[in-house]
Amino acid sequence: MGSEELREIEREDAEEESNGNELEETKRIPPWTRQITVRGIVASVAIGVIYSVIVMKLNLTTGLVPNLNVSAALLAFVFLSSWTRLLHRAGIVTAPFTRQENTIVQTCAVACYSIAVGGGFGSYLLGLNKRTYEQAGVDTEGNSPNSYMKLSVWWMTGFLFVTSFVGLLALVPLRKIMIIDYKLAYPSGTATAVLINGFHTPKGDQMAKKQVHGFMKFIFISFFWGFFQWFYSGGEVCGFSQFPTFGLQAWKNSFYFDFSMTYVGAGMICSHLVNLSLLLGAVLSWGIMWPLIGGLKGTWFPSTLPESSMKSLNGYKVFISIALILGDGLYNFLKIMFFTMRSIYSRIKDKNMQVDCRNQNQAVDDLQRDEMFARERIPTWIACAGYVFFAVIAVIVIPLMFPQLKWYNVVVAYILAPSLSFCNAYGAGLTDMNMAYNYGKVALFVLAALAGKDNGVVAGLVGCGLIKSIVSTSSDLMHDLKTGYLTLTSSRSLLLSQAIGTVIGCIVAPLTFFLFYKAFDVGNPDGEYKAPYALIYRNMAILGVEGFSALPLHCLQLCYGFFGFAILANLFRDLFPKRIGKWIPLPMAMAVPFLVGAYFAIDMCVGSLVVFVWRRLDSKKATLMVPAMASGLICGDGLLILPSSILALAGIKPPICMSFKPSFLVK
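Quick caveat: nothing in here was measured; it's all calculated off a predicted structure.

J.: Mind showing me how you'd approach the state of the cysteines here?
T.: Disulfides are covalent bonds that connect the sulfur atoms of two cysteines. The final tally for this structure, using the stated rule, is 1 disulfide. Through a disulfide, Cys-238 is tied to Cys-657; the S-S separation comes to 1.7 Å. With the S-S dihedral at roughly -55°, the linkage between Cys-238 and Cys-657 falls on the left-handed side. Residue Cys-238 is located in the loop between helix 12 (202–230) and helix 13 (248–252), and its partner Cys-657 is located in the segment after helix 28 (619–649); the two are separated by 419 residues in the primary sequence. Here Cys-555 stays free of any disulfide, with the sulfur of Cys-559 as its closest cysteine sulfur at 3.9 Å. Judged by its relative accessible area of 9%, Cys-559 falls in the buried class.

Pasting the structure below:
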């Protein structure tokens, strides 16, 4: 559900009471040391672990992860409100559950599972393993034999601890400027705050009870449906996940509904435009292009090559996906930089006028928020000293872990990181777009080119993770600080909860990854866990080393075309009237099914169809219940992963293989 819809329903049901309650609550807000509670940390760990499993599955199947922050806020409310009610019924006195504690739990849980989302487990870190090296072609120029390493929970955990904390401190000294002075919107953070504030009002409490009931109902439905499906999946192409919905020929080209509640729920959260863009990309690639290019075997590429070779059909899939991703990323990168610079310039130009007018026009509750936000400051010297401390550790440790990346490259990265973090966080405050992956891709190409043929792939992949981690974490912290500003939560407790969540995430995320890595066939292009972005990122690094010589025949011309299409599609969306621009597809979303397949796009479109029909029938109820239903479907399917992984590791297979074949083959 988008931030505008959240604001709409909260304004209808809770705004008047919320404002009055906030003014009253400022008199009894607990000190920052009491906003972080033991029960809150326990709830954060539970939510963080559940969502780490869910997003890891999404990362390793399609690489497409929707924003689950609002869902995490709902789950935090479910956990702690249920716990306090249970204790009250048992006659045990406990501290009240406040919006500040709700914000802290949500922040800590999001920080935890954000490591699983952005830690590179489905992209740059997985791109370092031997299987991805082999998929990229052992004879490919630039893909040197010493450019892979054995994945280990120990070095991956160490890498996360070294790189994940610097971003927490990079922009702390600028928090007042960005939240109070510039009043940046940070739409996701604002939407989360509106939801949390709405929960902690009399009407909001009634609304939350309905959402909790819906969430619990659909989590059970999703879990037991997944459990039922497991019994029929006793083989590689067995079960409901291989159901030939549109016929066997369509199934061979990945067009089928695989009954995944995770992707149906994700489709309910994502916008209609994202889901339709996925479907368009699936039709264009698996419905038209791949059958046509596959028919040119022997002309465009040798017929003796396996389809998985980067000089065969798979090369076109990977590099055309890269062209769409880079075109979309470049356009949005330049666009955000333009708006950022223009906004900063206009603010500097009009600074005196804004200062003169601010105190006259500001509402009383805004003044109280500003006063509390400024009072709960974090000393600048602590932030600067912490940044230098973690940067020095990284400069020493990372070159020891990855000798291909030189110490002076790491020094330059940490010198540039604060300015890059500011640009990204400022742009995210204006547009809600986190461009951290695009900053990482720039670092990938630069470092791969500088390091040369033997060291370029590893240096590029690790450098990408280094920059991306710093820039992304800084932006996430600003979203959380905006949520804290609107819920009257202390910045100190928010920063500490973010740090606690990051520590938990650095431990949980690698363990979760290896649960999948050992139990399932991760990286198999024909299996469920394709991990498409691992191959994409590795080939980006090879492009940085070798240039266009790595491409198969005629692939460069196709890449030029799709790169140009990505630029033009974004340009038309921005220039055309909104009623026309809203129908122009998103190139980044179109790129995902090019490599993964069409099945998950169909799942997500089913979720989008459910939302569309529900809103037509009962718009208000749909706006209230869609996040709860979607979260329940995703969490229920995610909870099944743990027992199914344990059974797989124990060698216990489902008892039945349900498969399909043409009738003429049946005797």
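J.: Explain unusual backbone geometry here, please?
T.: Outside of glycine, negative phi angles account for most residues, and trans bonds account for most peptide bonds. Despite not being glycine, Ala-531 shows a phi value in the positive range, around 45°. Summarising the element assignment, Ala-531 is placed in the loop between helix 22 (491–519) and helix 23 (532–546). For His-554, which is not glycine, the phi torsion reads 65° and is therefore positive. Here His-554 is to be found in the loop between helix 23 and helix 24 (555–575).

J.: In this structure, what is going on with the packing of helix 6 (residues 99–118) against helix 21 (residues 436–487)? I would like to understand it.
T.: Working note: a packed helix pair is described by the angle between its axes plus the distance between those axes. It is at 10 Å that the axes of helix 6 and helix 21 come closest, and there the two elements cross at 170°. Of the possible angle classes, the one that applies to helix 6 and helix 21 is roughly antiparallel. Only Tyr-437, Lys-468, Asp-476, Asp-480, Thr-483, Gly-484 and Thr-487 of helix 21 make contact with helix 6, whose side of the interface consists of Arg-99, Gln-100, Thr-103, Gln-106, Thr-107, Ser-114, Val-117 and Gly-118. Partitioned by chemical class, the residues of the contact of helix 6 with helix 21 number 2 nonpolar, 9 polar and 4 charged.

J.: What is the right way to read the environment of Ala-391 from this model?
T.: With respect to the helices and strands, Ala-391 occurs in helix 19 (residues 380–401). The spatial distance from the C-alpha of Ala-391 to the C-alpha of Val-411 is 7.9 Å, given a sequence separation of 20 residues. When neighbours within four sequence positions are excluded, Ala-391 is seen to be in contact with Val-166 and Tyr-414.

J.: Can you help me understand the packing of helix 21 against helix 23 in this one?
T.: Look at helix 21 against helix 23: their axes get within 10 Å of each other, and the N-to-C directions meet at 60°. With respect to each other, helix 21 and helix 23 are oriented oblique. Contacts between helix 21 and helix 23 involve Tyr-437, Lys-441, Leu-444, Phe-445, Ala-448, Ala-449, Gly-452, Lys-453, Gly-456, Val-457, Leu-461 and Cys-464 from the first element and Tyr-537, Arg-538, Met-540, Ala-541, Ile-542, Leu-543, Gly-544, Val-545 and Glu-546 from the second. Taken together, the residues of the contact of helix 21 with helix 23 sort by class into 14 nonpolar, 3 polar and 4 charged.

J.: Quick question: what am I supposed to make of the packing of aromatic side chains here?
T.: Here the distance between the centres and the angle between the planes together describe a pair of aromatic rings. Summed over the entire model, instances satisfying the criterion amount to 40 aromatic pairs. Pairwise contacts between aromatic rings join Trp-225, Phe-228, Tyr-232, Phe-240, Phe-243, Phe-257, Phe-259 and Phe-660 into one cluster.

J.: Would you mind showing me how to read helix 15 (residues 272–294) here?
T.: Because an α-helix completes one turn every 3.6 residues, residues spaced three or four positions apart along the sequence face the same direction. When the terminal C-alpha atoms of helix 15 are compared, their 31 Å separation across 23 residues agrees well with the 33 Å that a helix rising 1.5 Å per residue should span. Along its length, helix 15 shows its largest kink, about 30°, at Ser-285. Residues of helix 15 that are buried: Val-274, Asn-275, Ser-277, Leu-278, Gly-281, Ala-282, Ser-285, Trp-286, Met-289, Trp-290 and Ile-293.

J.: Can you walk me through a nonpolar patch on the surface in this structure?
T.: Together, Leu-568, Leu-571, Phe-572, Leu-575, Phe-576 and Ile-580 give the surface a local cluster of nonpolar side chains, amounting to about 510 Å² of exposed area. In terms of residue count, the dominant contributor to the nonpolar patch is helix 24 (4 residues). By the element assignment, Ile-580 lies in helix 25 (residues 578–581).

J.: Before we go on, may I ask you to explain the pattern of salt bridges in this structure?
T.: Pairing between side chains of opposite charge can happen when their charged atoms approach one another. The final tally for this structure, using the stated rule, is 5 salt bridges. Here Lys-57 ties to Asp-637 by a salt bridge, and the two come within 3.3 Å at their closest N and O atoms. Highlighted residues: Lys-57 in helix 4 (residues 38–61) and Asp-637 in helix 28, separated in sequence by 580 residues. We note that Lys-57, like Asp-637, is buried. With a closest N to O distance of 3.3 Å, Lys-335 and Asp-574 form a salt bridge. Of this pair, Lys-335 sits in helix 16 (residues 313–349) while Asp-574 sits in helix 24, placing them 239 residues apart in sequence. Overall, the relative accessible area of 37% leaves Asp-574 in the partly exposed class.

J.: Whenever I open this one, the environment of Ile-180 confuses me. Can you help?
T.: Among the structural elements, Ile-180 can be located in helix 10 (residues 175–181). Take Ile-180: its relative accessible area is 5%, and that puts it in the buried class. In sequence terms Ile-180 and Asp-370 are 190 residues apart; their C-alpha atoms lie 6.5 Å from each other.

Cut-offs and rules
- Residues numbered from 1 in each chain as written.
- Predicted model: local features only at pLDDT ≥ 70, side-chain atom pairs only at ≥ 80, totals over all residues.
- Heavy atoms only, no water.
- Disulfide = S-S within 2.5 Å.
- Helix = DSSP H or I, 4+ residues; strand = E, 2+ residues; numbered from the N terminus.
- Buried < 20%, exposed > 50% of the residue type's maximum accessible area, 1.4 Å probe, protein only.
- Axes fitted to C-alpha atoms, helices over the stretch in contact; angles between N-to-C directions.
- Parallel < 35°, antiparallel > 145°, perpendicular 65-115°, else oblique.
- Contact = heavy atoms within 4.5 Å.
- Nonpolar A, V, L, I, M, F, W, Y, C, P; charged D, E, K, R; others polar.
- Phe/Tyr/Trp six-rings, centres within 6.5 Å; stacked < 30°, edge-to-face > 60°.
- Expected span 1.5 Å × (residues − 1).
- Bend = angle between axes of the 7 residues up to and from the residue.
- Patch = residues over 30% accessible without salt bridge, like charges linked within 9 Å, V, L, I, M, F, W, Y side chains within 5 Å.
- Areas by Shrake-Rupley, 256 points an atom, 1.4 Å probe, with all protein chains shown as cover.
- Salt bridge = Lys/Arg side-chain N within 4 Å of Asp/Glu carboxyl O.

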